[in-house]
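Residue strings, one per chain:
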Amino acid sequence: MDIKQLRSFVHIAELGSLSRAAERLNLSQPALSRQLNLLEESLDTKLLERTGRGVKLTEAGQMLAERARVILTDLARLEADLSARSSQVTGHVHVGVPPSAGIVITGALIENLRDRYPDLNVTVAEDLTGDVQEGLLSGRLDIGILHDGMISRSLYAEPLWREDLFLISHPSQVGEQETEIAYEDVLSLPLIMPTNKHGLRAMMQEAAFRAGRPLTPVVEADALRVLIDLVTRNLGHTVLPRSSLVQELSTGRLTARRITNPQLSRKVMLSWLQERPLSSGGKAVVDTLRDLAGTVPMANQ
């Protein structure tokens, strides 16, 4: 039994599928199966049972998955502590951010890092929350910003800030005194929304289900800039945090109404893979993001 086999097994246990785990780990399925077979042989016990929908853990497999997560987390902490002995902040850190968070924090992040750590190289990738999570789990990304919801147990996650969601409309669609709108009324409007793989869409869908109403957008678009442009052209309404639209709202190009009954909000989370220790550069990025979290404009307004 080795660390690589344990890490692979934890991913299989979480996903319940050899093929999906192989895809996440950038391995072929036969290679992953060989790792699993070697692990079972070394322990002389069966860890998984195949089902029509994938695989499920045996009793021994459940025990191993729980213990393996603890072992991998402790190992990561040990490696991080040893790495921290070096005071020089260098290297290359890959950061993933969803568009709505990236538009408000990326510039300040890079500006602060360039000032504090001139020898540190940072690559920022803007992607949907689900893709950022997969990037963290596969090792493509070192640090990610996610929205709360279905965050993998393999990831460490801590809240950075909470943001309320608003109905974003063209000014011609809103009366001067209108500052709020009930969610039931939102569902009656022509909505321009992200596709189903986006976390915001899932939140909207769940709220619509609880209200006993369908969520039927007239246009779907996953790019934040496209959503904003379509609403600016008065082609419909969308739902976003105010912090994503500081310029458009301050100039009057768009208007925002707080959604009520229910009020929709979400947490913005800082995340990284628990079994992968942060380098000194990664810790510098994390500390800087924590410092910047309280400066996000209109995050909770």
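Conventions used here
- Residues numbered from 1 in each chain as written.
- Predicted model: local features only at pLDDT ≥ 70, side-chain atom pairs only at ≥ 80, totals over all residues.
- Heavy atoms only, no water.
- Axes fitted to C-alpha atoms, helices over the stretch in contact; angles between N-to-C directions.
- Helix = DSSP H or I, 4+ residues; strand = E, 2+ residues; numbered from the N terminus.
- Parallel < 35°, antiparallel > 145°, perpendicular 65-115°, else oblique.
- Contact = heavy atoms within 4.5 Å.
- Nonpolar A, V, L, I, M, F, W, Y, C, P; charged D, E, K, R; others polar.
- 1 Å grid on protein atoms, 1.4 Å probe; cavity = no way out; pocket = protein on both sides within 12 Å on 5 of 7 lines; lining within 4 Å.
- Points joined across faces, edges and corners; volume = space filled by probe spheres on them.
- Buried < 20%, exposed > 50% of the residue type's maximum accessible area, 1.4 Å probe, protein only.
- Pairing = 2+ DSSP bridges.
- Core = buried A, V, L, I, M, F, W, Y, C linked by side-chain atoms within 4.5 Å.
- Salt bridge = Lys/Arg side-chain N within 4 Å of Asp/Glu carboxyl O.
- Phe/Tyr/Trp six-rings, centres within 6.5 Å; stacked < 30°, edge-to-face > 60°.
- Lys NZ or Arg CZ within 6 Å of the ring centre and 35° of its normal.

## Here we look at the packing of helix 2 (residues 18-25) against helix 3 (residues 29-43)
Angle between the axes and distance between the axes are the two parameters that describe a pair of packed helices. Running from N to C, helix 2 and helix 3 cross one another at 105°; their axes reach a closest spacing of 9 Å. Overall, the two elements helix 2 and helix 3 adopt an arrangement that is roughly perpendicular. Residues Leu18, Ser19, Ala21, Ala22 and Leu25 of helix 2 touch helix 3, and the partners they reach there are Gln29, Leu32, Ser33 and Leu36. When the residues that make up the contact of helix 2 with helix 3 are grouped by side-chain class, the tally is six nonpolar, three polar and no charged.

## Focus on empty space enclosed by the protein
Take a probe with the size of a water molecule and roll it over the atoms, and the empty space left behind shows itself. Inspection of the entire model under this criterion finds two cavities of 30 Å³ or more. Approximately 80 Å³ is the volume found for the largest cavity. Forming the boundary of the largest cavity are Pro99, Ser100, Pro194, His198, Leu200, Asp222, Leu224, Leu227, Leu240 and Arg266. Residue assignment for the lining of the largest cavity shows that the elements contributing at least two residues are helix 5 (99-116) and helix 9 (224-232). Here the residues of the lining of the largest cavity are counted per class, giving six nonpolar, two polar and two charged. In this model, the second largest cavity occupies a volume close to 30 Å³. For the lining of the second largest cavity, the secondary-structure elements that each account for two or more residues are helix 1 (3-15) and helix 3.

## With respect to the pairing of strand 6 (residues 155-169)
Most of strand 6 is tucked away, with eleven of its 15 residues classed as buried. Where strand 6 lies against strand 12 (residues 265-273), nine bridges are found, and the strand directions are antiparallel. From the neighbouring strand, Arg162 faces strand 12, where its bridge partner is Lys267. Both strand 6 and strand 10 (residues 238-241) contribute to a ladder of four bridges, which runs antiparallel. For Leu167, the partnering residue across the bridge sits in strand 10 and is Val239. Strand direction decides the pairing type here: strand 6 and strand 11 (residues 255-260), joined by four bridges, are antiparallel. Its bridge partner being in strand 11, Phe166 is matched across the sheet by Arg258.

## Re the nonpolar core
Among the nonpolar cores identified, the biggest contains 31 residues, and Ile168, Tyr183, Met204, Ile259 and Leu264 are the most heavily contacted of them. Of all the secondary-structure elements, those providing two or more residues to this core are strand 6, helix 7 (183-186), strand 8 (192-193), helix 8 (199-210), helix 9, strand 10 and strand 11. For Met204, the contacting residues outside a window of four places in its chain are Tyr183, Met193, Leu215, Val239 and Leu264. Counting 24 residues, the second largest nonpolar core, distinct from the first, contains Val93, Leu120, Val286 and Ala293.

## Looking at the pattern of salt bridges
This structure, assessed with the given rule, holds 15 salt bridges. One salt bridge in this structure joins Arg201 and Glu220, with 2.8 Å as the shortest N-O distance. In this pair, Arg201 sits in helix 8 while Glu220 sits in strand 9 (residues 219-220), placing the two residues 19 residues apart along the sequence. On the basis of relative accessible area, Glu220 is assigned to the partly exposed category, the value being 43%. Connected via shared salt-bridge partners are Glu14, Arg24 and Glu134.

## Comments concerning the packing of aromatic side chains
Applying the stated criterion to the full structure yields one aromatic pair. Seen from their ring centres, Tyr156 and Trp272 are 4.5 Å apart, and the 40° between their planes marks the pair as tilted. Highlighted residues: Tyr156 in strand 6 and Trp272 in strand 12, separated in sequence by 116 residues. By relative accessible area, which is 12% here, Trp272 ends up buried. The aromatic ring of Phe166 is capped on one face by Arg242, whose charged end is 5.5 Å from the ring centroid.

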